[in-house]
Amino acid sequence: MTTQERPAGAPEREVGRARARREDARLVTGQTTWTDNITLPGMLYMTLLRSPMAHARIDHIDVAPAREMPGVVAAYSGRDLAGELGSLPCAWPVTEDMVLPDHPPLAVEEVRHVGDPVAVVIARGRYEAADALEAVEVDYTPLPPVLDMEAALAEGADLVHSGKGTNRCYDWPLTAGDYDEARDRADVVVRRRFRQQRLIPNAMEPRAVVVAPLSASGEYTVYSATQVPHILRVMLATVTGVPEHKLRVVAPDVGGGFGSKLQVYGEEALALVLARRLGRPVKWTESRSEGYQATHHGRDQIQDVEIAATSEGKLLGLKVDLLADMGAYLMLVTPGIPILGAFMYPAIYKMDSYAFHCTGVFTTKTPTDAYRGAGRPEATYAIERIMDELAAELGLDPVELRRLNWIGREEFPYTGIAGLTYDSGDYEAATDKALGLFDYPRWRAEQRARNERHDPVRVGVGVSTYTEMCGLAPSRVLRDLRYSAGGWEAASIRMLPTGKVEVITGTSPHGQGHVTSWSQIAADVLGVPFDDVEVAHGDTRIAPQGMDTYGSRSLVVGGVAVHHAAQKVVEKARRIAAHLLEASEDDLEFCDGAFAVRGSPEARKTIQEVAFEAFSSHDLPDGMEPTINAEHVLDPENFSYPHGTHLCAVEVDTETGRVRIRSYVCVDDVGKVVNPMIVEGQVHGGLAQGIAQALYEEAVYDTDGNLVSGTLADYLVPAPPDLPDFVTDRTETPATSNPLGVKGVGEAGTIASTPAVVNAVMDALRPLGVTGIDMPCTPRRVWQAVRDARESARTKEGTA
């Protein structure tokens, strides 16, 4: 027996408690260590010259004039360093015949997007290095840019990588059932084309790297603003030839990532190679405008979606044809991002058949890769938008259409048409709670009234009932998807002689609150005070095992690993406690941090006392090593599946195109909650980014391949005044796939909110004859859609 029932008056459990984040005190008082804050003796500064052209041949490059500039220590072209640098890695070859071009950290023969680096300058000062870039001489021969995915696939199209003979990166199908048969027997088939615009991640902290060499031993410490220090270590060893055991990677305080720092960038490899070559520390920090060109982008897909149903609204099948823009190169997981979404298009709905096909396409744009949600927001947008279009076609309420087709609470565990097994869920409960908080009938009544009086400011109501797969695991599933790494996570617990606790985690936080949450989990299992727990992370020397942080995996894999490691500590301590109390292990009960003999509560030992006994080793059971420390490496058996219902009411001014969110309600089910305050923050942040895609953000290229939304003046990131007040709540359906019952939450708000907002905009405009609108729903785009609909109506009247 491990635990006993908690007596009345026992200390409050930590899990479920809304504790303020213990990380925040350092953040708000400036006692942080961002990578750019790091200054080392003799440090040099690295800057990169980037291509001003989307596609060109490098005819000549001369870095010698830059070497003569004040403060400059060295300058190199791609050809100068080609022998020391391999191609940047792609860890997800999604098909055997996927086209995988080389990706040099410095371009050698061709540049393939604006921002592609061609030369590097190292100087004693940051500004001296930047000034010297102007002295580098480069002659280019322009080549045709490749910007449109459909045109890129056409016969005779200009090629991004001429040596590969095609702009097609891969074709990846997934089928279940017979969609053609389902379509033939359907009463209604709805087809729509949706566009996932290109997005630019905007982490508060820009990317930065500092490499400190220890030349005598050939060791290097790499400080990087990264989400993935462990993955970065492995990949840097591969790219640069520095032995892995000679590399230490540290992710110090990291100011956000949203997937943009789930990457192995050329600047990291260059800084390492140059520190090795020069024998001095090297630092690089991007500017915001530089980051817009060089940090990977997100989304950028064309979705052709078709849904087949009966006249009553029963779903029969779903077909998705996807074009996914890879950009100029394949980065760490670029080709796999659309594939993650492939399993989520059917979402929470039952159907007989599903046909999915994705084509990856090269273009002369900045490469795409993971951005908050990574494939899941795109899939949820498509299915939730097409469900609303189907509801309109059938004259059904969109909520009722969803009720008719979703998986019932009594049907779990449920294996969906895409092959995933959802372990738990209660879509009815989340939707009913959301409808009550939203006052759905009131908004429908206001909508009808405005439509009847032809009010120029219309009201629309949008619905999004979502689920997502998160906790990127298990490893065998990733193997089947041809992903190079595993999905496990490691944690270790050290009980110090004084009774304090150190948790070592392989996850690498950058704003998620792991230090607080992992302390709560460990404190509960071990029965020690919250303040007696410290968490160490983000340093491959301190935490040598880990798979890092992305994909809402940290809690459901890393946090659960902490729980298991703590349980192992208790079981090790039990053996020593039983020996000291001269009792059988089976007769010990463990509660609130103490072992007691059943029936003799006065005979007890706290876990802190046991920790000291292990340290002193004076009286241990025969054959037991003198420690109760433990570690656990967890490889989950399944993904986790949070879900929820989001409702949005908007006003749309048909004369100006302005969209204003009047009400936003979301009810999410993320299983058991470790820290409600952190969950609330994650949901709010996710909502902001999802609404941003719906209404504000878009990376725009001109016909020459120039990024014209290359600054915060042109790329519209919403601020608090641009966002509504959110009403948030939760239902709780514990996961059955882990002992904590937890699910992921970091991406839920982003995944659900975008279709809720766009569905609301379309709901307002549909009575005016608007049949579609691309994101973002800017005032100009909305106004144009209304104008086009009215022109179309007048044309039809004129020909009638």
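Residues numbered from 1 in each chain as written. Predicted model: local features only at pLDDT ≥ 70, side-chain atom pairs only at ≥ 80, totals over all residues. Heavy atoms only, no water.

**Some words on the overall build of the chain**
Consideration 1: Regarding its fold elements, the chain presents 21 helices and 28 strands.
Consideration 2: Across its three principal axes, the chain shows a C-alpha extent of roughly 100 × 70 × 50 Å.
Consideration 3: By residue count, 60% of the 800 residues in the chain fall in the buried class.
Consideration 4: Sequence separation of 24 or more characterises 80% of the internal contacts of the chain that already satisfy a separation of 6 or more.
Consideration 5: As displayed, the chain has an accessible area near 29,800 Å², and 49% of this comes from carbon and sulfur atoms.
Consideration 6: Computing the positive centroid from 78 side-chain charges and the negative centroid from 112, the chain places the two 2 Å apart. (Helix = DSSP H or I, 4+ residues; strand = E, 2+ residues; numbered from the N terminus. Buried < 20%, exposed > 50% of the residue type's maximum accessible area, 1.4 Å probe, protein only. Contact = heavy atoms within 4.5 Å. Areas by Shrake-Rupley, 256 points an atom, 1.4 Å probe, with all protein chains shown as cover. Lys, Arg positive; Asp, Glu negative; His and termini not counted. Charge placed at Lys NZ, Arg CZ, Asp CG, Glu CD.)

**Structural notes on the sheet that holds strand β4 (residues 110-111)**
Consideration 1: Taken in spatial order, the three strands line up as β4-β2-β6 in an open sheet, and their pairing is antiparallel. A single partner strand is all that each edge strand has here, and the edge strands are β4 and β6 (137-142).
Consideration 2: Of the pairings in the sheet, the one linking strand β2 (residues 56-62) to β4 comprises two bridges and is antiparallel in character. Note that in β4 the partner of Arg 57 across the bridge is Glu 110. (Pairing = 2+ DSSP bridges.)

**Notes on the packing of aromatic side chains**
Consideration 1: Following the criterion strictly, the structure yields 15 aromatic pairs and no others.
Consideration 2: Relative to Tyr 381, the ring of Phe 194 has its centre 5.8 Å away and its plane inclined at 80°; by these criteria the two rings are edge-to-face. Taken together, the residues span a long stretch of sequence, with Phe 194 in strand β8 (residues 188-199) and Tyr 381 in helix α11 (residues 376-394) at a distance of 187 residues.
Consideration 3: A residue is classified by how much of its surface remains accessible, and Phe 194, at 5% relative accessible area, is buried.
Consideration 4: Of the residues examined, Tyr 381 reaches a relative accessible area of 2% and is grouped as buried.
Consideration 5: Among the aromatic residues, ring-to-ring pairing joins Trp 172, Phe 343, Tyr 345, Tyr 354 and Phe 356 into one connected group.
Consideration 6: Over the aromatic face of Phe 530 sits the side chain of Arg 19, whose NZ or CZ is 4.0 Å from the ring centroid. (Phe/Tyr/Trp six-rings, centres within 6.5 Å; stacked < 30°, edge-to-face > 60°. Lys NZ or Arg CZ within 6 Å of the ring centre and 35° of its normal.)

**A word on helix α16 (residues 514-526)**
Consideration 1: With 13 residues, α16 should reach 18 Å at 1.5 Å per residue; the first-to-last C-alpha distance of 18 Å fits that figure.
Consideration 2: Backbone geometry just downstream of α16 places Gly 527 in the positive-phi region, at approximately 70°. (Expected span 1.5 Å × (residues − 1).)

**Quick notes on the pattern of salt bridges**
Consideration 1: Taken as a whole, this structure holds 63 salt bridges when the rule is applied.
Consideration 2: Two residues, Asp 59 and Arg 57, come together in a salt bridge whose shortest N-O distance is 3.2 Å.
Consideration 3: Among the salt bridges present, the one from Arg 198 reaches Asp 300, with a minimum N-O distance of 2.7 Å. Remark: Asp 300 occurs in strand β13 (residues 298-309) and Arg 198 occurs in strand β8; sequence separation between them is 102 residues. Residue Arg 198 shares its accessibility class with Asp 300, and that shared class is buried.
Consideration 4: One network of salt bridges, with partners in common, ties together Arg 50, Arg 207, Glu 267, Glu 286 and Glu 290. (Salt bridge = Lys/Arg side-chain N within 4 Å of Asp/Glu carboxyl O.)

**What about the pairing of strand β19 (residues 489-495)?**
Consideration 1: By the criterion of burial, β19 is predominantly enclosed, with six of the seven residues buried.
Consideration 2: Relative to strand β25 (residues 630-634), β19 is paired through five bridges, and the arrangement is antiparallel. The residue of β25 that forms the bridge with Ala 491 is His 632.
Consideration 3: Where β19 and strand β20 (residues 501-505) come together, five bridges link them in antiparallel fashion. Paired with Arg 494 across the two strands is Glu 502, which belongs to β20.

**Observations regarding the nonpolar core**
Consideration 1: Judged by nonpolar contacts, the single largest core of 145 residues is most densely connected at Trp 172, Phe 343, Phe 356 and Tyr 664.
Consideration 2: Listed in part, the 47 residues of the second largest apolar core include Met 495, Val 503, Val 560 and Ala 565. (Core = buried A, V, L, I, M, F, W, Y, C linked by side-chain atoms within 4.5 Å.)

**Let's talk about unusual backbone geometry**
Consideration 1: Following Phe 412, the chain continues to Pro 413 via a peptide bond in cis, the omega torsion being -5°.
Consideration 2: Mapped onto the elements of the fold, Pro 413 is located in the loop between α12 (398-405) and β16 (414-415).
Consideration 3: Positive phi outside glycine occurs at His 454, with the angle close to 55°.
Consideration 4: By secondary structure assignment, the location of His 454 is in the loop between α14 (440-452) and β18 (457-467).

**Quick word on the environment of Ala 630**
Consideration 1: Along the chain, Ala 630 falls in strand β25.
Consideration 2: C-alpha of Ala 630 to C-alpha of Gly 460: the two residues are 170 residues apart in sequence and 55 Å apart in space.
Consideration 3: Excluding its chain neighbours within four sequence positions, the residues that come into contact with Ala 630 are Ala 491, Ser 492, Ile 493, Ala 565, Lys 568 and Val 569.

**Concerning the sheet that holds strand β1 (residues 44-50)**
The pairing of strands in a sheet happens through backbone hydrogen bonds and is either parallel or antiparallel.
Consideration 1: With mixed pairing, the seven strands of this open sheet are ordered in space as β3-β5-β1-β12-β9-β10-β11. Every interior strand has two partners, whereas the edge strands, β3 (72-77) and β11 (247-250), have only one. Each strand of the sheet is rotated relative to its neighbour by a mean of 20°, with strand direction disregarded.
Consideration 2: Pairing geometry for strand β9 (residues 208-214) and strand β12 (residues 282-285), over four bridges, is antiparallel. Directly across from Val 210, in β12, lies its bridge partner Lys 283.
Consideration 3: Strand contacts of helix α7 (residues 229-240): β10 (219-224) and β11, with the helix running at about 145° to β11, the strand carrying the most contacts.
Consideration 4: Strands in contact with helix α8 (residues 266-278) are β1, β3, β5 (117-123), β9, β10, β11 and β12; relative to β1, the strand with the most contacts, it is inclined by about 130°. (Axes fitted to C-alpha atoms, helices over the stretch in contact; angles between N-to-C directions.)

**Remarks on the packing of helix α17 (residues 554-581) against helix α18 (residues 607-616)**
Consideration 1: Across the interface, α17 lies against α18 with an axial gap of 9 Å and an inter-helix angle of 80°. What the angle tells us is that α17 and α18 run roughly perpendicular. For the pair α17 and α18, contact is made by Val 569, Val 570, Ala 573, Ile 576, Ala 577 and Leu 580 and by Ile 607, Val 610, Glu 613 and Ala 614, respectively. (Parallel < 35°, antiparallel > 145°, perpendicular 65-115°, else oblique.)

**What to know about the environment of Ala 523**
Consideration 1: One can find Ala 523 in helix α16.
Consideration 2: Each C-alpha atom of the pair Ala 523 and Leu 687 lies 31 Å from the other, and the pair is 164 residues apart in sequence.
Consideration 3: Here Ala 523 is in contact with Glu 14, Val 528, Pro 529, Phe 530 and Val 533, once residues within four sequence places are set aside.

**Some words on the pairing of strand β27 (residues 659-669)**
Consideration 1: With nine of its eleven residues buried, β27 lies for the most part within the structure.
Consideration 2: Looking at chain direction, strand β26 (residues 643-653) and β27 are connected through ten bridges and run antiparallel. Bridging from a neighbouring strand, Leu 647 pairs with Val 665 of β27.
Consideration 3: In this structure, the hairpin formed by β26 and β27 is closed by a connection of five residues, where Gly 657 is found at a positive phi of approximately 85°.
Consideration 4: Judged from the six bridges that link them, β27 and strand β28 (residues 726-731) form a sheet pairing that is parallel. The partner of Cys 666 across the bridge, within β28, is Thr 728.
Consideration 5: Once you follow β27 into helix α19 (residues 676-695) and on to β28, the crossover reads as right-handed. (Right-handed = clockwise from strand over helix to strand, strands pointing away.)

**As for the environment of Pro 101**
Consideration 1: With respect to the secondary-structure elements, Pro 101 resides in the loop between α3 (78-81) and β4.
Consideration 2: In sequence terms Pro 101 and Gly 163 are 62 residues apart; their C-alpha atoms lie 8.7 Å from each other.
Consideration 3: Excluding residues that lie within four positions of it along the chain, Pro 101 makes contacts with His 161, Lys 164 and Phe 362.

**Quick notes on the state of the cysteines**
Consideration 1: Considering all chains together, one arrives at zero disulfides under this definition.
Consideration 2: You can see Cys 470 has no disulfide; the closest cysteine sulfur is in Cys 666, sitting 16 Å from it.
Consideration 3: There is no disulfide at Cys 777, and the cysteine sulfur nearest it, in Cys 648, is 11 Å away. (Disulfide = S-S within 2.5 Å.)

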